[in-house]
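Okay, here's what each chain looks like letter by letter:
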Amino acid sequence: MNEIIKNIIVIDDNGTLEGSFTSEIFPNDDTQEMTIYIRNKSLMNYAEKCINHFNSMPDSMIDEICHGLIESCHLSDYPDFELPELENVRDILNYCWFTTLTVDKPKNDGISYTVEGEGDWEEVVGFVIKNGNVSYVGVDYEEYI
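Keep in mind the model is a prediction, meaning the values are calculated, not measured.

1. As for the overall build of the chain
Scanning the chain from terminus to terminus reveals two helices and seven strands. Tracing the chain from N to C terminus, the helices and strands come up as β-β-β-α-α-β-β-β-β. In terms of overall dimensions, the chain is globule-like: its C-alpha atoms have a radius of gyration of 15 Å, near the 15 Å expected for 145 residues. If you line up the chain on its principal axes, its C-alpha atoms span 45 × 30 × 25 Å. Classification of the 145 residues of the chain by burial places 43% in the buried group. Put simply, 49% of the contacts in the chain that link residues at least 6 apart link residues at least 24 apart. Accessible surface for the chain amounts to roughly 8300 Å². Of this, 43% is attributable to carbon and sulfur atoms. Of the side-chain charges in the chain, 8 are positive and 29 negative, and the distance between the mean point of each set is 16 Å.

What follows is the structure, given as C-alpha coordinates:
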(Lines give C-alpha, C1' and ligand atoms only; values in the text may rest on other atoms or scores of the structure.)
Protein backbone atom coordinates (compact mmCIF):
# COMPACT_ATOMS: atom_id res chain seq x y z
CA MET A 1 0.00 0.00 0.00
CA ASN A 2 1.24 3.46 -0.94
CA GLU A 3 1.78 5.75 2.05
CA ILE A 4 3.01 8.90 0.30
CA ILE A 5 0.22 9.16 -2.27
CA LYS A 6 -3.29 8.70 -0.92
CA ASN A 7 -6.78 8.38 -2.42
CA ILE A 8 -5.53 7.24 -5.83
CA ILE A 9 -8.14 6.96 -8.59
CA VAL A 10 -8.02 6.61 -12.38
CA ILE A 11 -9.55 9.73 -13.92
CA ASP A 12 -9.54 9.10 -17.67
CA ASP A 13 -9.34 6.46 -20.40
CA ASN A 14 -5.60 7.10 -20.80
CA GLY A 15 -4.93 5.77 -17.30
CA THR A 16 -4.12 9.13 -15.70
CA LEU A 17 -4.14 8.83 -11.92
CA GLU A 18 -5.22 11.40 -9.38
CA GLY A 19 -4.32 11.25 -5.73
CA SER A 20 -3.27 13.46 -2.86
CA PHE A 21 -0.18 13.96 -0.75
CA THR A 22 0.95 16.11 2.15
CA SER A 23 2.85 19.25 1.21
CA GLU A 24 5.61 19.94 3.74
CA ILE A 25 6.73 23.30 2.32
CA PHE A 26 3.82 25.01 0.58
CA PRO A 27 0.75 24.55 2.79
CA ASN A 28 -2.60 25.90 1.63
CA ASP A 29 -4.82 27.98 3.90
CA ASP A 30 -6.40 25.21 5.91
CA THR A 31 -4.74 22.05 4.65
CA GLN A 32 -1.39 20.66 3.68
CA GLU A 33 -2.96 18.30 1.15
CA MET A 34 -2.24 18.77 -2.53
CA THR A 35 -3.53 16.92 -5.55
CA ILE A 36 -1.13 14.93 -7.70
CA TYR A 37 -1.72 13.91 -11.31
CA ILE A 38 0.31 11.01 -12.65
CA ARG A 39 0.11 10.31 -16.38
CA ASN A 40 0.06 6.52 -15.88
CA LYS A 41 0.49 3.81 -13.25
CA SER A 42 4.00 2.93 -14.38
CA LEU A 43 5.15 6.31 -13.01
CA MET A 44 4.12 5.69 -9.38
CA ASN A 45 7.67 5.21 -8.05
CA TYR A 46 8.86 8.23 -10.01
CA ALA A 47 5.91 10.27 -8.65
CA GLU A 48 7.01 9.43 -5.11
CA LYS A 49 10.52 10.67 -5.95
CA CYS A 50 9.00 13.90 -7.26
CA ILE A 51 7.00 14.37 -4.04
CA ASN A 52 10.11 13.72 -1.95
CA HIS A 53 12.01 16.31 -4.01
CA PHE A 54 9.15 18.81 -3.68
CA ASN A 55 8.95 18.32 0.09
CA SER A 56 12.69 18.63 0.65
CA MET A 57 13.53 21.62 -1.54
CA PRO A 58 16.52 23.56 -0.31
CA ASP A 59 15.94 27.10 0.95
CA SER A 60 17.64 28.58 -2.10
CA MET A 61 15.14 26.87 -4.41
CA ILE A 62 12.14 27.98 -2.35
CA ASP A 63 13.48 31.55 -2.39
CA GLU A 64 13.99 31.36 -6.17
CA ILE A 65 10.34 30.29 -6.58
CA CYS A 66 9.19 33.10 -4.28
CA HIS A 67 11.19 35.70 -6.26
CA GLY A 68 9.54 34.42 -9.44
CA LEU A 69 6.09 34.67 -7.84
CA ILE A 70 6.74 38.26 -6.80
CA GLU A 71 7.83 39.13 -10.32
CA SER A 72 4.75 37.42 -11.74
CA CYS A 73 2.53 39.41 -9.40
CA HIS A 74 4.18 42.69 -10.43
CA LEU A 75 3.60 41.83 -14.10
CA SER A 76 -0.10 41.16 -13.52
CA ASP A 77 -2.76 43.42 -14.98
CA TYR A 78 -5.29 42.63 -12.25
CA PRO A 79 -6.45 46.04 -10.97
CA ASP A 80 -8.01 44.93 -7.66
CA PHE A 81 -4.82 43.65 -6.03
CA GLU A 82 -1.68 45.47 -5.07
CA LEU A 83 1.06 43.47 -3.44
CA PRO A 84 2.03 45.13 -0.15
CA GLU A 85 5.67 45.61 0.74
CA LEU A 86 7.06 42.28 1.88
CA GLU A 87 9.45 41.92 4.81
CA ASN A 88 10.71 38.56 3.55
CA VAL A 89 10.63 37.03 0.06
CA ARG A 90 8.59 34.11 1.42
CA ASP A 91 5.82 36.45 2.52
CA ILE A 92 4.55 36.15 -1.06
CA LEU A 93 3.22 32.74 0.03
CA ASN A 94 0.59 34.63 2.05
CA TYR A 95 -0.87 35.80 -1.27
CA CYS A 96 -0.75 32.62 -3.33
CA TRP A 97 -1.16 28.90 -2.92
CA PHE A 98 -0.40 25.69 -4.77
CA THR A 99 -2.95 22.98 -5.40
CA THR A 100 -1.53 20.42 -7.83
CA LEU A 101 1.68 18.66 -8.77
CA THR A 102 1.74 16.95 -12.16
CA VAL A 103 4.13 14.13 -13.06
CA ASP A 104 4.79 13.22 -16.68
CA LYS A 105 7.16 10.65 -18.08
CA PRO A 106 10.67 11.89 -17.34
CA LYS A 107 12.63 13.08 -20.38
CA ASN A 108 15.93 12.24 -18.69
CA ASP A 109 17.25 10.77 -15.46
CA GLY A 110 16.51 13.89 -13.39
CA ILE A 111 13.46 14.82 -11.37
CA SER A 112 10.96 16.91 -13.35
CA TYR A 113 7.40 18.01 -12.50
CA THR A 114 5.02 20.94 -12.65
CA VAL A 115 3.28 22.66 -9.74
CA GLU A 116 0.16 24.78 -10.24
CA GLY A 117 -1.68 27.22 -8.01
CA GLU A 118 -3.21 30.66 -7.95
CA GLY A 119 -2.38 34.12 -6.68
CA ASP A 120 -4.57 36.75 -5.08
CA TRP A 121 -3.82 38.75 -8.23
CA GLU A 122 -6.31 36.43 -10.01
CA GLU A 123 -3.86 34.51 -12.16
CA VAL A 124 -2.99 30.86 -12.31
CA VAL A 125 0.69 30.60 -11.40
CA GLY A 126 3.03 27.70 -11.32
CA PHE A 127 6.56 26.52 -11.52
CA VAL A 128 8.42 23.91 -13.50
CA ILE A 129 11.17 21.72 -12.09
CA LYS A 130 13.51 20.14 -14.65
CA ASN A 131 16.46 17.98 -13.67
CA GLY A 132 15.84 18.90 -10.05
CA ASN A 133 16.14 22.66 -10.66
CA VAL A 134 13.67 25.50 -11.09
CA SER A 135 13.34 26.15 -14.82
CA TYR A 136 10.38 28.58 -14.77
CA VAL A 137 8.06 30.39 -12.34
CA GLY A 138 5.00 32.42 -13.31
CA VAL A 139 1.98 32.30 -15.58
CA ASP A 140 1.96 30.39 -18.87
CA TYR A 141 4.24 27.82 -17.28
CA GLU A 142 2.84 25.10 -19.58
CA GLU A 143 5.09 26.50 -22.32
CA TYR A 144 8.15 25.52 -20.29
CA ILE A 145 7.30 21.90 -19.54
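Having seen the model, we can carry on.
2. Structural notes on the packing of aromatic side chains
A full pass over the atoms with the stated rule returns eight aromatic pairs. Aromatic side chains F26 and F98 sit 5.2 Å apart centroid to centroid with 75 degrees between the ring planes, which places their arrangement in the edge-to-face category. With F26 in the loop between β2 (17-22) and β3 (33-38) and F98 in strand β4 (residues 96-103), this residue pair connects regions lying 72 residues apart in the sequence. Residues F26 and F98 agree in their burial class; the two are buried. Plain terms: the ring middles of F98 and F127 are 5.2 Å apart, the flat faces sit at 85 degrees to each other, and that makes the pair edge-to-face.

3. Overview of the pairing of strand β6 (residues 124-130)
The buried fraction of β6 amounts to five of the seven residues, a majority that puts the element mostly inside the structure. Inspection of the sheet shows strand β5 (residues 113-119) paired to β6 by six bridges, in the antiparallel sense. Bridging across to β6, G117 finds its partner in V125. Linking β6 back to strand β7 (residues 133-138) in an antiparallel pair, the connection comprises two residues, with N131 at a positive phi of about 50 degrees.

4. Focus on a negative patch on the surface
The grouping of E116, D140, E142 and E143 at the surface amounts to a negative patch. Tracing the backbone through its elements, the reader meets E143 in the segment after β7. With a relative accessible area of 60%, E143 lands in the exposed category.

5. Digging into the pattern of salt bridges
Applying the stated criterion across every chain yields a total of four salt bridges. Between K6 and E33 there is a salt bridge whose closest N-O contact spans 3.6 Å. With K6 in strand β1 (residues 6-10) and E33 in strand β3, this residue pair connects regions lying 27 residues apart in the sequence. Residues D104 and R39 are paired through a salt bridge, measuring 2.4 Å at the closest nitrogen-oxygen approach. Residue D104 is located in the loop between β4 and β5, and its partner R39 is located in the loop between β3 and α1 (44-55); the two are separated by 65 residues in the primary sequence.

6. Some details on the sheet that holds β3
Judged by pairing direction, the sheet is mixed, and its seven strands sit side by side in the order β1-β2-β3-β4-β5-β6-β7 without closing on themselves. Pairing within the sheet leaves two strands with one partner each, and these edge strands are β1 and β7. Across the sheet, the mean angle separating the axes of adjacent strands is 20 degrees when strand polarity is ignored. Relative to the sheet, helix α2 (residues 59-75) contacts β4, β6 and β7, its axis offset from that of β7 by approximately 20 degrees.

What counts, and where the lines are drawn
Residues numbered from 1 in each chain as written. Predicted model: local features only at pLDDT ≥ 70, side-chain atom pairs only at ≥ 80, totals over all residues. Heavy atoms only, no water. Helix = DSSP H or I, 4+ residues; strand = E, 2+ residues; numbered from the N terminus. Rg over C-alpha atoms; globule rule 2.2 N^0.38 Å. Buried < 20%, exposed > 50% of the residue type's maximum accessible area, 1.4 Å probe, protein only. Contact = heavy atoms within 4.5 Å. Areas by Shrake-Rupley, 256 points an atom, 1.4 Å probe, with all protein chains shown as cover. Lys, Arg positive; Asp, Glu negative; His and termini not counted. Charge placed at Lys NZ, Arg CZ, Asp CG, Glu CD. Phe/Tyr/Trp six-rings, centres within 6.5 Å; stacked < 30°, edge-to-face > 60°. Pairing = 2+ DSSP bridges. Patch = residues over 30% accessible without salt bridge, like charges linked within 9 Å, V, L, I, M, F, W, Y side chains within 5 Å. Salt bridge = Lys/Arg side-chain N within 4 Å of Asp/Glu carboxyl O. Axes fitted to C-alpha atoms, helices over the stretch in contact; angles between N-to-C directions.

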